[in-house]
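Each chain, letter by letter, is given below.
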Amino acid sequence: MTTLDVPGFLHGSAKMDKLIINGPAKLSGEIHISRAKNAYLPILAGCLLSKERIRLKNIPELRDIKTMLSLLEKLGTQITQEGEWTELYTPTLASFSATYDLVKTMRASIFVLGPLLAREGKAEVSLPGGCAIGTRPIDLHLDNLKKMGAKIDLKGGYVRAEASSLKACTLPLAFPSVGATENLMMASVFTSGTTIIENAAMEPEIEDLGNFLNSMGAKVKGHGSSRIEIEGVEHLSATEYEAIGDRIEAGTYLMAALATGSEITLTGINFKYIDFVIEKLREMGANIETSDNSITVKQSTLSGTKVETAPYPGFPTDLQAQMMALMTTAKDSSIIVENIFENRFMHVPELIRMNALIDLEGRSAFIKPSPGLSAAPVMCTDLRASAALIIAALAAEGETEIQRVYHLDRGYEKLDQKFLKLGASIKRVNSN
Ligand code: EPZ
């Protein structure tokens, strides 16, 4: 068993690495989808709820995962890796404080708030602050923890929470927030009685978190639906677990194949997690075949369509930028309405530099067919916008240089190697 060891670029040392992509690309072959970042991030935080050994399989090599593992180590978790297994063991806590230096690089650090409160009765977590795509407040997390009896103080950029004991109650969420749902599920696992979360987020990653907690002996019901019931238990035990496939990664590769008129197969993904996305792509004319654990997309001629992002099972906001890049290659116009985040169109100016024809009006984007995407030096601004630039670069004529790819390293495991395997001309250049 070795202690935590992660490739250099995940340490963020590759701050200014860039990708060089030559298009148009023709992709072919098969890739295996990694385990979901947005399932493993709350699951990792949930490991704090058990004093026994937790073994997790195929945790993806991502910067966000590395940040979460570093945070857990600071809190006292012993982490060892052996092949595809990572073992997390937290017999005692060394700290109950998630400091700004880590939280500022990854807002999902807020997921330790619920588990620390449940286990320790106290927690101190730096306020995550906004990020490129929006202010991203955590009022739904805090207001509902207060409702459970936690004392919450905001001071010096930190959330200080204390609760000698949380009380079971019904928590109607004003919005089906993914993070708030996950934090409240974890906060209530030891709360005697039954805590009910109403208008809960229904994303597959929520269902996965509930299954993980139950594998340790929790009593969670209704996870994946809009009403989740958590019956408190005394303690949680050891478990072995593997998270679901990453539906956003899968959707990204599907759209890259469609944008380049390619035929590829994705394995390790349950297509029902991106049912609505596949429906929308078929509406555009995409030829997509699905089986239990794989999806095959064939060469297709695409028309435009209208997409409105929405909480699950609607169209995921995390595939909005990638869908927009695809729509620029369709033979007629499309519209995208971004209803979840207030500033998630930063990929638009970069796509326009590549000859895309896109007009913005508030939360709506109007995409006309591009006369032909062309290569240009572009810059990543956030994780999913970066994926949109990759899709456009694969479809564009010429050599595109994509800067600040550290954004991509947050959420796409071995992306350049996977696209290389599919036949793309893509190389990562260390620009230090
Ligand atoms: C999760 O973020 C995902 N991150 C995001 O993925 C994803 O875009 C988002 O859910 C929506 O699906 C992880 O799971 C780690 P929310 P989260 O709470 O939990 C507002 C990616 O690219 N809101 O459902 O932060 C919020 O401002 C990332 O992988 C409040 O107002 O999302 C936003 O407008 C990006 N108050 C909306 O709800 C709150 O207390 C959705 O937020 C919480 C949220």
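Located above this text is the structure these notes cover.
Residues numbered from 1 in each chain as written. Predicted model: local features only at pLDDT ≥ 70, side-chain atom pairs only at ≥ 80, totals over all residues. Heavy atoms only, no water.

(A) Expanded view of the pairing of strand E10 (residues 158-162). Bridging between strand E8 (residues 122-126) and E10 involves five bridges; their strand directions are antiparallel. In the strand pairing of E10, Glu124 is matched with Arg160. By the bridge criterion, five bridges tie strand E9 (residues 151-155) to E10 in an arrangement that is antiparallel. Bridging from a neighbouring strand, Leu154 pairs with Val159 of E10. Hairpin connection from E9 to E10: two residues lie between these consecutive antiparallel strands, with Gly156 at a positive phi of about 60 degrees. (Pairing = 2+ DSSP bridges. Helix = DSSP H or I, 4+ residues; strand = E, 2+ residues; numbered from the N terminus.)

(B) Local environment of the site of the ligand. The local shell around the ligand holds 21 residues, among which Asp139, Leu140, Ser177, Asp318 and Ile340 are the closest. Side-chain polar atom of Ser177 to an oxygen atom of the ligand: 2.7 Å apart, as the coordinates give it. Here the ligand, which alone exposes 820 Å², has 87% of that area covered by the protein. Elements with a contribution of two residues or more to the shell around the ligand: helix H1 (37-46), helix H5 (139-147), helix H6 (178-187) and helix H12 (383-395). Within the shell around the ligand, the residues separate by chemical class into 10 nonpolar, five polar and six charged. (Near = heavy atom within 4 Å. Polar contact = N/O pair within 3.5 Å; in protein donor to acceptor, adjacent residues only side chain to side chain. Areas by Shrake-Rupley, 256 points an atom, 1.4 Å probe, with all protein chains shown as cover. Nonpolar A, V, L, I, M, F, W, Y, C, P; charged D, E, K, R; others polar.)

(C) Expanded view of the sheet that holds strand E25 (residues 425-429). The mixed open sheet is built from four strands, whose spatial order is E23-E24-E2-E25. With partners counted over all chains shown, the strands left at the sheet margins are strand E23 (378-379) and E25, one partner each. Direction of pairing for strand E2 (residues 18-23) relative to E25: antiparallel, over a ladder of five bridges. Across the sheet, residue Ile21 finds its bridge partner in E25, namely Ile426. Across the sheet, H12 touches E2, E23 and strand E24 (398-403), and the angle it forms with E2 is around 35 degrees. (Contact = heavy atoms within 4.5 Å. Axes fitted to C-alpha atoms, helices over the stretch in contact; angles between N-to-C directions.)

(D) Seen up close, the packing of aromatic side chains. As enumerated under the stated definition, the model contains two aromatic pairs in all. Taking the centre distance of 5.5 Å and the plane angle of 70 degrees together, the rings of Phe212 and Tyr241 count as edge-to-face. On the criterion of sequence distance, the pair formed by Phe212 in helix H7 (residues 204-215) and Tyr241 in strand E15 (residues 239-241) is long-range, its members being 29 residues apart. Per residue, the accessibility class of Phe212 equals that of Tyr241, and both read buried. Plain terms: the ring middles of Tyr253 and Phe419 are 4.7 Å apart, the flat faces sit at 35 degrees to each other, and that makes the pair tilted. Pair noted here: Tyr253 is in helix H8 (residues 247-259) and Phe419 is in helix H14 (residues 415-421), with a separation of 166 residues, a long-range link. Of the residues examined, Tyr253 reaches a relative accessible area of 1% and is grouped as buried. If you follow Arg55 out to its NZ or CZ, it ends over the ring of Trp85, 4.8 Å from the centre. (Phe/Tyr/Trp six-rings, centres within 6.5 Å; stacked < 30°, edge-to-face > 60°. Buried < 20%, exposed > 50% of the residue type's maximum accessible area, 1.4 Å probe, protein only. Lys NZ or Arg CZ within 6 Å of the ring centre and 35° of its normal.)

(E) View of the environment of Leu56. Of note, Leu56 is situated in strand E4 (residues 53-57). For the pair formed by Leu56 and Thr239, sequence separation is 183 residues and the distance between their alpha carbons is 8.3 Å. Once residues within four sequence positions are removed from consideration, Leu56 is found in contact with Tyr40, Ile43, Leu44, Cys47, Glu84, Trp85, Thr86, Leu88, Phe212 and Tyr241.

(F) Local environment of the pairing of strand E16 (residues 263-267). The buried fraction of E16 is high, at four of five residues. With five bridges joining them, strand E3 (residues 28-32) and E16 adopt parallel strand pairing. Each residue of the ladder has a partner; that of His32, found in E16, is Thr267. Pairing of E16 with strand E18 (residues 294-298) involves four bridges; the strand directions are antiparallel. Across the sheet, the residue bridging to Thr267 is Ser294, located in E18.

(G) Here's a closer look at the environment of Lys418. When you line up the elements, Lys418 lands in helix H14. By relative accessible area, Lys418 is classed as buried at 12%. C-alpha of Lys418 to C-alpha of Ile33: the two residues are 385 residues apart in sequence and 9.5 Å apart in space. With near-sequence residues (within four places) excluded, Lys418 lies in contact with Ile31, His32, Ile33, Ser34, Glu249, Tyr253 and Glu413. A distance of 2.7 Å separates polar atoms of two side chains, one belonging to Lys418 and the other to Ser34.

(H) Up close: the side chain of Thr195. The topology assignment puts Thr195 in strand E12 (residues 194-198). Those residues in contact with Thr195, other than ones at most four positions away along the chain, are Met148, Ala168, Cys169, Leu171, Ser188, Ile228, Glu229 and Ile230.

(I) Spotlight on the sheet that holds E10. The strand order across the open sheet built from four strands is E7-E8-E10-E9, with neighbouring strands paired in mixed fashion. Each having just a single partner strand, strand E7 (97-98) and E9 make up the two edges of the open sheet. Of the pairings in the sheet, the one linking E7 to E8 comprises two bridges and is parallel in character. The residue of E8 that forms the bridge with Ala98 is Val125.

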